[in-house]
Amino acid sequence: MAKINNPTKVVTGICRFSYANLWEPKAMDENSKAKYSVSLIIPKSDTKTLDKIKAAIQAAYEEGKNKLSNGKSVPPLNSIKTPLRDGDVDRPDDEAYANSYFINANSIIAPGIVDADCQAILDHSEVYSGIYGRASINFYAYKTNTARGIAC
């Protein structure tokens, strides 16, 4: 079976899960839709994962240029919002984010949660905020009335 190459998909190295809403969707406020979400904390030393994420963000930008356009031009990638954030800059008071980057990923579709043998994990106590694991994430371009960028 041929492997399908999706340039906007990344399987991370070992990262820490924070603010994990993986079993039940949660709305961030009363006006938003409930979503499954997690903040993935990636050590700055994991350059392999970080390079894959940067390449996937670039691929999502290239694929989404029509969506990002205002009808006249496409903003440069460095001028739009992207999901890869520096924990030392954006969360300086949270030790869990020190010397790390992080990505906030969310979906309206429940994530598949599996163990190292790709067997489904059904016990909710096995996956929680603070646990270490790997994640398969996809990047895409978005445009709303007030913002445009790349999301995960």
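Rules of the game
Counting from 1, residues in each chain are numbered in the order their sequence is written. Only residues with pLDDT of at least 70 get local features here, since the model is predicted, and only at 80 or more are side-chain atom pairs given and counted; chain-wide, interface and lining totals rely on the full set of residues. Calculation of side-chain values draws on the structure's entire complement of heavy atoms; hydrogens and water are dropped beforehand. Stacked, tilted and edge-to-face pairs are distinguished by plane angle, under 30 degrees for stacked and over 60 for edge-to-face with tilted covering the rest, among Phe, Tyr and Trp rings (Trp via its six-membered ring) whose centres lie within 6.5 Å. Buried residues are those whose accessible area, probed at 1.4 Å on protein chains only, stays under 20% of the maximum for their type, while exposed residues exceed 50% and partly exposed ones sit between those limits. A ring is considered to have a charge above it if a Lys NZ or an Arg CZ atom is located within 6 Å of its centre and within 35 degrees of its normal. Following DSSP output, two strands are said to pair if at least two bridges run between them. Secondary structure elements follow DSSP: runs of H or I no shorter than four residues count as helices, runs of E no shorter than two count as strands, and numbering proceeds from the N terminus. By definition in these notes, contact holds between two residues if any of their heavy atoms fall within 4.5 Å. Working convention: axes come from line fits to C-alpha atoms, limited for helices to the stretch in contact. Angles between N-to-C directions cover 0 to 180 degrees. To define a nonpolar core, start from buried Ala, Val, Leu, Ile, Met, Phe, Trp, Tyr and Cys residues and group those joined through side-chain atoms within 4.5 Å. In this analysis, the expected span of each helix is defined as 1.5 Å times one less than the number of residues it contains. The salt bridge criterion pairs a side-chain nitrogen of Lys or Arg with a carboxyl oxygen of Asp or Glu, the two atoms within 4 Å.

## Some details on the packing of aromatic side chains
Thinking step 1. Per the counting criterion, the structure on display carries one aromatic pair.
Thinking step 2. With centroids separated by 5.0 Å and ring planes inclined at 80 degrees, the aromatic side chains of Tyr-97 and Phe-102 adopt a geometry described as edge-to-face. Here Tyr-97 and Phe-102 have matching classes, each one buried.
Thinking step 3. One Lys or Arg, Arg-91, reaches over the ring of Tyr-97 and ends 4.6 Å from the middle of that ring.

## Section: the sheet that holds strand 5 (residues 100-107)
Thinking step 1. One open sheet holds the five strands; their spatial order is 4-5-3-2-6, and the pairing between them is antiparallel. Edge strands, defined here as strands with exactly one partner in the open sheet, are strand 4 (85-86) and strand 6 (132-133).
Thinking step 2. The sheet contact formed by strand 4 and strand 5 spans two bridges and is antiparallel. Residue pairing across strands places Asp-86 opposite Tyr-101, the latter belonging to strand 5.
Thinking step 3. Along the sheet, helix 1 (residues 47-63) contacts strand 3 (35-43) and strand 5; its crossing angle with strand 3, the most-contacted strand, is approximately 130 degrees.

## What to know about the side chain of Ser-100
Thinking step 1. Counting through the fold element by element, Ser-100 comes out in strand 5.
Thinking step 2. Overall, Ser-100 belongs to the buried group, its relative accessible area being 7%.
Thinking step 3. In this structure Ser-100 touches Ile-41, Ile-42, Pro-43, Lys-44, Arg-85, Asp-86, Gly-87 and Asp-88, once residues within four positions along its chain are discounted.

## What about the nonpolar core?
Thinking step 1. Counting 28 residues, the largest nonpolar core has Phe-17, Leu-40, Ile-53, Ile-103, Ile-137, Phe-139 and Ile-150 as its most contacted members.
Thinking step 2. Beyond its immediate sequence surroundings of up to four residues, Ile-103 is in contact with Val-38, Ser-39, Leu-40, Ile-42, Ile-53, Pro-83, Leu-84, Ile-137, Phe-139 and Cys-152.

## Topic: helix 1
One full turn of an α-helix is made of 3.6 residues, so residues set three or four places apart face in the same direction.
Thinking step 1. Here helix 1 is 17 residues long and its end C-alpha atoms lie 24 Å apart, about the 24 Å a rise of 1.5 Å per residue gives.
Thinking step 2. Buried within helix 1 are the following residues: Thr-49, Leu-50, Ile-53, Ala-56, Ile-57, Ala-59, Ala-60 and Tyr-61.
Thinking step 3. At its buried positions, helix 1 is contacted by strand 1 (9-11), strand 3, helix 2 (65-68), strand 5, strand 8 (140-143) and strand 9 (148-151).

## What about the pattern of salt bridges?
Thinking step 1. Throughout the structure, instances matching the rule amount to four salt bridges.
Thinking step 2. Across the pair Asp-86 and Lys-44 runs a salt bridge whose closest N-O atoms are separated by 3.0 Å. Note that Asp-86 is positioned in strand 4 and Lys-44 in the loop between strand 3 and helix 1, a separation of 42 residues in sequence.
Thinking step 3. For Lys-44, a relative accessible area of 22% corresponds to the partly exposed category.
Thinking step 4. Glu-62 is the partner of Lys-65 in a salt bridge, and the nearest nitrogen-oxygen pair spans 3.2 Å.
Thinking step 5. Given a relative accessible area of 31%, Lys-65 falls into the partly exposed group.
Thinking step 6. Taking relative accessible area as the criterion, Glu-62 reaches 40% and is therefore assigned partly exposed.
Thinking step 7. A network of salt bridges, in which partner residues are shared, links Lys-44, Asp-86 and Asp-88.

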